[in-house]
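Residue strings, one per chain:
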Amino acid sequence: MSETIAAISTPLGSGAMGVVRISGDRALEITLALVHRAFLKPRYAHLCSIYDEDEIVDEAIVIYFAAPKSYTCEDVCEIQCHGGVILTHLILKLVLKMGARLATPGEFTKRAFLNGRIDISQAQAISGLIMAQSEQASKLLVDQMKGRLSSFISNSREMLLRALAFSEVMIDYSDEDIPQDTLDSLADQIEQLCVKLGEILEFSSLRNIYLEGLSLCIIGKPNVGKSSLLNALLSQDRAIVSDIAGTTRDAIESSLNLNGQIVKIIDTAGIRSSDDKIESIGIERSLEAIKDSEIVIAVFDASNILDKEDYFIIENLSKLTGKQKIILVLNKIDKKVKIDCAQLEKRIKSQEILRISTYDLSLILELKEALSKIVQDFSIPRGEVFLSSEYQISIVKTALEALYLSRQKLLDYELELFSYHIKEALDSFALLTHPYDVDEMFSRMFGEFCLGK
Ligand SMILES: Nc1nc2c(ncn2[C@@H]2O[C@H](COP(=O)(O)OP(=O)(O)OP(=O)(O)O)[C@@H](O)[C@H]2O)c(=O)[nH]1
Ligand SMILES: [Mg+2]
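Residues numbered from 1 in each chain as written. Chains lettered and ligands numbered in written order. Predicted model: local features only at pLDDT ≥ 70, side-chain atom pairs only at ≥ 80, totals over all residues. Heavy atoms only, no water.

J.: Any chance you could explain the coordination of the magnesium ion (ligand 2) here in plain terms?
T.: Around a metal, the ideal angle is 109.5 degrees if four donors adopt a tetrahedral arrangement and 90 or 180 degrees if six donors adopt an octahedral arrangement. S227 (OG) and T248 (OG1) make up the full set of protein donors to the magnesium ion (ligand 2), lying at 2.0 to 2.1 Å. One end of the pair, S227, is in helix α9 (residues 226-234); the other, T248, is in the loop between α9 and β8 (252-258), and 21 residues separate them in sequence. Owing to a relative accessible area of 11%, T248 belongs among the buried residues under this scheme. (Donors = N, O, S within 2.8 Å, 3.2 Å for Na, K, Ca; no water. Helix = DSSP H or I, 4+ residues; strand = E, 2+ residues; numbered from the N terminus. Buried < 20%, exposed > 50% of the residue type's maximum accessible area, 1.4 Å probe, protein only.)

Take a look at the structure:
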C-alpha cells in the first residue's frame, strides 16, 4: 500500500481558487468521507459540499482520477475549493486528519516518475515549466515534457545496446572473424551519434538565453539619454532622468516583452573617468554589463561632436568579441545634429544605426521594431533536442567522451574496451532517463545474434 499524500497545489494567496491534491490508495476514501458521498465517478467534476464532521466549510469541485490514469498513476483526488489562505489550509488539515500525510516538495512528480509515467528528463522539464519566465522557455520545456529528449535518448540507447550485444557476442566467439561491414556500419552509427550529441551540446549552451531571456544593456557616456531611453522603451518612468551628468549610479534592471520574448533590459551608469568612488563602482558594473549582455545599445548624443568620453566607449565596444549584437543609437536628433556619424560607423561593428529622440514616440517604435528583429535571431528552432540543466549537459559530455573512445577501440578491433566504453555511455544516458537494464541487453543479444543455429 502506498502512503496517501496531500498538498495544496496552487500558490498561497488570495486567488479565487485553491486546489488540494491527494494521491495514494486512500485518496478516494478520504475524499468521500470529506464530501459525505458514497461514490465519485472517475474524471467527472462533482459539485460537493466539504464537511468538517457535520459542518459545511466550503463548496468545491471535486475530481477523482482512478489509478493508473492520473498524474501520479495512483488514485488521485483534486478538491478545487474557494481560494484564500485560511480555507485551503483548513481543507488540507481535514484531509491530513483523516490519515493522509503532507507531501514533500515534488513528491507527486516523484511518484509519477517512480510509477513509470514520466522519466527524469520529463520530471525536470515539469519543474522548469512551472518556473518558466518566457513563452519561448515554456514552449521548449513542453517539448521536453512531452518526451523529446526521452525519445532521442531511447533511440540512441537502442543503437548502443545493439552495438553492445554485437560486441559481447563477438568476444564470446573470438574464433569468428568480425564481419567488416557490420563493424563499419557500427562505427558509422556511433560517429553520427557523436555529431548529433555535439550539436545538442552546442545548442544547449545557449540555454540560459532561452530559459532566462536575453539581456540587453544600454550604455553611453553620462547625459546622452540612456535612462530616458529605458523609460521610453518601457513606457513608464522607471529610471530617474536629469540633466546632471552621473544621475544613474547603479545598473537598473527591468523586463521588456518583445513579441513574447522577455528581454532583461539594463540601464547603466554613464561611463566616464570619475574620482567619485560610488560612481566608479557603477561604471565598473556598466562595463561588466556589456560583457554579460547579448544585445548592447550604445547611445551617443547626436547634438554634440564626439569627445574623449565617447571615444572611451568606442574603444570598449571595439574590444568585444563579436558575441554581442550592437545597436548604435544617436539620440537627441530633435536638436541640431553635430555628431560625426561616419566616424562611429567606421569604428564600431554595429548591427544597426538608428537616429532617435527619446521625445519622439514613432522613432522609439522604430527602435523597438529593430530590437524585435534582433531578438528573433536568438529564437529557438522548435523540435530540437535540448538539455535544460547544467547537470544534463555534463552527463551528455561524459557520454560523448565515452562514445569517441568506443569508436576508436572498435576501429582498433579491441572489442572488450569497446564494450566497456559503450557501457559507460549507456550508464550516462541512464542518468538522463532510466536506469540501464542488463536483462534488456541479454534479451537483445540472444534475440538478434543467435549464433547457435
Ligand atoms: N533634447 C533632448 N534631450 C533629451 C533627449 N533624451 C534625453 N534628454 C535629456 O538629456 C538629459 C539626460 O538624460 P538621462 O536620460 O538622464 O541621461 P543618462 O544617459 O541616463 O545620464 P546618466 O544617468 O547621468 O549617465 C535629460 O535632461 C533629458 O531630458 C532627447 O531625445 N532630446
Ligand atoms: Mg541615467
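J.: Help me understand the sheet that holds strand β6 (residues 101-102) in this model?
T.: Taken in spatial order, the 6 strands of this open sheet run β3-β4-β5-β2-β1-β6, and their pairing is mixed. Each having just a single partner strand, β3 (45-52) and β6 make up the two edges of the open sheet. Summarising the sheet, strand β1 (residues 5-8) and β6 pair through 2 bridges and their orientation is parallel. By the bridge assignment, A6 is partnered in β6 with L102. In the packing of helix α1 (residues 27-35) onto the sheet, contacts are made with β2 (17-23), β3, β4 (55-65) and β5 (76-82), and the angle to β3 comes to roughly 70 degrees. In this fold helix α3 (residues 107-114) packs onto β1, β2 and β6, with an angle of close to 135 degrees to the strand it touches most, β1. (Pairing = 2+ DSSP bridges. Contact = heavy atoms within 4.5 Å. Axes fitted to C-alpha atoms, helices over the stretch in contact; angles between N-to-C directions.)

J.: I'm lost on the packing of aromatic side chains in this one. Help?
T.: Any aromatic ring pair is given by two values, namely how distant the centres are and how the planes are angled relative to each other. Tallying each qualifying case throughout the model produces 1 aromatic pair. A cation sits over an aromatic face here: R21 above Y71, 4.7 Å from the ring centre. Taking the ring centre of F108 as reference, the NZ or CZ of R21 above it sits at 5.3 Å. (Phe/Tyr/Trp six-rings, centres within 6.5 Å; stacked < 30°, edge-to-face > 60°. Lys NZ or Arg CZ within 6 Å of the ring centre and 35° of its normal.)

J.: Hey, could you run me through the environment of L230 in this one?
T.: Secondary-structure assignment places L230 in helix α9. Through-space distance from the C-alpha of L230 to that of V329 is 12 Å; in sequence the pair is 99 residues apart. Setting aside anything within four residues of it in sequence, one finds L230 in contact with I218, R238, A239, I252, I265 and D267.

J.: Please clarify how a nonpolar patch on the surface should be interpreted in this entry.
T.: Among the surface-exposed residues, L12, V85 and I86 lie close enough to one another that they form a single nonpolar patch of about 320 Å² accessible area. Mapped onto the elements of the fold, I86 is located in helix α2 (residues 85-97). (Patch = residues over 30% accessible without salt bridge, like charges linked within 9 Å, V, L, I, M, F, W, Y side chains within 5 Å. Areas by Shrake-Rupley, 256 points an atom, 1.4 Å probe, with all protein chains shown as cover. Salt bridge = Lys/Arg side-chain N within 4 Å of Asp/Glu carboxyl O.)

J.: Teacher, can you tell me more about α9 here?
T.: Quick reminder: α-helices carry 3.6 residues per turn. Residues three or four places apart thus point the same way. Most of α9 sits out of view: 9 of its 9 residues are buried. Residues of α9 that are buried: K226, S227, S228, L229, L230, N231, A232, L233 and L234. At its buried positions, α9 is contacted by β7 (214-219), β8, β9 (261-267), β10 (295-301) and α13 (361-377). Two residues or fewer past α9, S235 is found with a positive phi of approximately 55 degrees.

Bear in mind that shape data such as this cannot, by itself, settle questions of function.
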